[in-house]
Amino acid sequence: MSPSQTLLEKLWKAHTVLQRDDGTSLLWVDRHLVHEGSHHAFAKLAARNQKVSEPGLTFAVVDHYAPTRAGTLDPDISRMIRTLGDNARAHGIQLFDLKDPEQGIVHVIGPELGLTLPGVQVNCGDSHTSTHGAFGALAFGVGATEVAHILATQTVWQTRPRTMRITVEGTLGEGVTAKDMALHWIAKLGADGARGHAIEYAGSAVRNLSMQGRMTLCNLSIEGGARLGLVAPDEVTFAYLEGRRYAPKGDNWTRAVEDWAQLNSDPDAAFDREEHLDAKDIAPTVTWGTSPEEALPITGKVPDPNQYDASKRAAMRASLEYMDLTPGTPLTSIPVDQIFIGSCTNGRIEDLRMAAKVLAGRRARVPGLVSPGSARIKRQAEEEGLARIFTEAGLEWVAAGCSMCVGMNGDRVDAGKRCASSTNRNFKGRQGRGSRTHLMSPAMAAAAAVTGHLTDVRPLLEGRL
Ligand SMILES: CC(C)[C@H](C(=O)O)[C@@H](O)C(=O)O
Ligand code: SF4
């Protein structure tokens, strides 16, 4: 009998083509996803006169620069989009461009198309590739040099991360979501709390999450310093994938599900680290600073650096200054200028449903943008009447893409403005030079839209506000 293994160890072994003496493994890549940022890698390939070795396993997606409104494109933006298309056509790669009915953010459409499956290795030149781990896929972001290596060989050299398990037991309260679970653990362990580790999420609170919630959780693994996130596949995973365009069909489906059901950590497998959380301790959480770890329950106050460890004070003061916040201010008194709902973190149908539940029959006091994660989600939200709820509330309903998560397509937050955002990064200038970002769930962003300041969504959901 082989010794007990964690899910990561099983996946790693299954993809190892060869191992170097220093412990680095050459891994086989089953799905290589490329977005506009791949142009450096394609240029490297061209300079060496190399071809893409597995064009059938490579998929190109326009997302970072995707315009979300009609109108003339900035020449630099259209050049980025055109370059991706040219590279895809030159190498015979399937392209999901702006006109494709399946267009969207790479980490949203991979799962929607059934390209992301349990047990496969997914790589992309993008840190939030960790999202796909929600399916029990070995999925991690790589840099430009590695993208070129994968294009040329369909393999990547990688050191195996250490293993870590975060177990969350219990039931999340009303209005508390996977986003809050993620911000909660990152606040507790720190933005590099999981550095060098692959996190497997387990426990009843994780099992009870939908695939959308699991994707949100795995997406944010990176913001806590982890290399990747994983959730062992189960019935919820299989139900999500069945019938998807690239998912196995017929007998292959039946056989695949039998195999996938084996993809879990053995009961007595040892992890390098274990963390345990209780779902009932998790409140709707918002960030107040410029790192995802600078997060607190919405019922809290802007922290006073003097009450924290000396090693933290300088960074906290810098965050407070950038965010223009005073210690002791209740978080719910912080006014916002605008809101954004979207991104690969929280731009899926369930996220939009939650936000719409808060906004239904209400008016937003501040402007805001709602950008679905994909064209498919956009159609679904329109059919379900969610889009109408957003526009009737006074928010702008736009096309799919990374949009205001990173502002590369021109959807930016102006300098000095404060945005309640369903995204994953609140770094200085992330949503535009001088912009101030408060991260939260889509429901919480919707609540902030209704009141014009950071707000606990729970009374709104209960109809008490
Ligand atoms: C532009 C891209 C490479 C980047 C990433 O790696 O994640 C972006 O998607 C982000 O979220 O910051
Ligand atoms: S939506 Fe944001 S986090 Fe996700 S890939 Fe795009 S820029 Fe990165």
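These numbers were taken from a predicted model, which means no experiment stands behind them.

Parameters and conventions
Residues numbered from 1 in each chain as written. Chains lettered and ligands numbered in written order. Predicted model: local features only at pLDDT ≥ 70, side-chain atom pairs only at ≥ 80, totals over all residues. Near = placed C-beta within 6 Å. Nonpolar A, V, L, I, M, F, W, Y, C, P; charged D, E, K, R; others polar. Domains from an automatic or database assignment. Helix = DSSP H or I, 4+ residues; strand = E, 2+ residues; numbered from the N terminus. Buried ≥ 20, exposed ≤ 12 C-beta atoms within 10 Å, placed from the backbone. Contact = placed C-beta atoms within 7 Å.

**Student:** Provide a residue-level description of the site of ligand 2, including the pertinent values.
**Tutor:** Taken together, 13 residues are adjacent to ligand 2, and Ser-343, Cys-344, Cys-402, Cys-405 and Val-406 come closest. Class assignment for the residues of the shell around ligand 2 results in 5 nonpolar, 6 polar and 2 charged. Residue-level mapping places the shell around ligand 2 at the junction of two domains, with at least three residues from each of domain 1 (7-273) and domain 2 (284-458).

**Student:** For unusual backbone geometry, give the residues involved together with the corresponding values.
**Tutor:** Comment: phi is negative for the bulk of residues other than glycine, and the bulk of peptide bonds are trans. Notably, Gln-154 is not glycine yet its phi reads approximately 60 degrees, a positive angle. Its place among the elements puts Gln-154 in the loop between helix 5 (144-153) and strand 8 (155-158). Residue class for Gln-154 comes out buried when judged on the 20 C-beta atoms lying within 10 Å of it. In the Ramachandran plot, Asp-324 falls in the positive-phi region, its phi being about 55 degrees despite a non-glycine side chain. Topologically, Asp-324 is positioned in the loop between helix 11 (310-323) and strand 15 (338-341).

**Student:** How would you explain the domain arrangement of the protein if you had to name every residue and give the values?
**Tutor:** As far as domains go, the protein holds domain 1 (7-273) and domain 2 (284-458). Relative placement of domain 1 and domain 2: their C-alpha centres are 24 Å apart. Taken together, the 38 residues of domain 1 in the interface contact 39 residues of domain 2. Elements with a contribution of two residues or more to the side of domain 1 that touches domain 2: helix 4 (106-112), helix 6 (178-189) and helix 8 (211-219).

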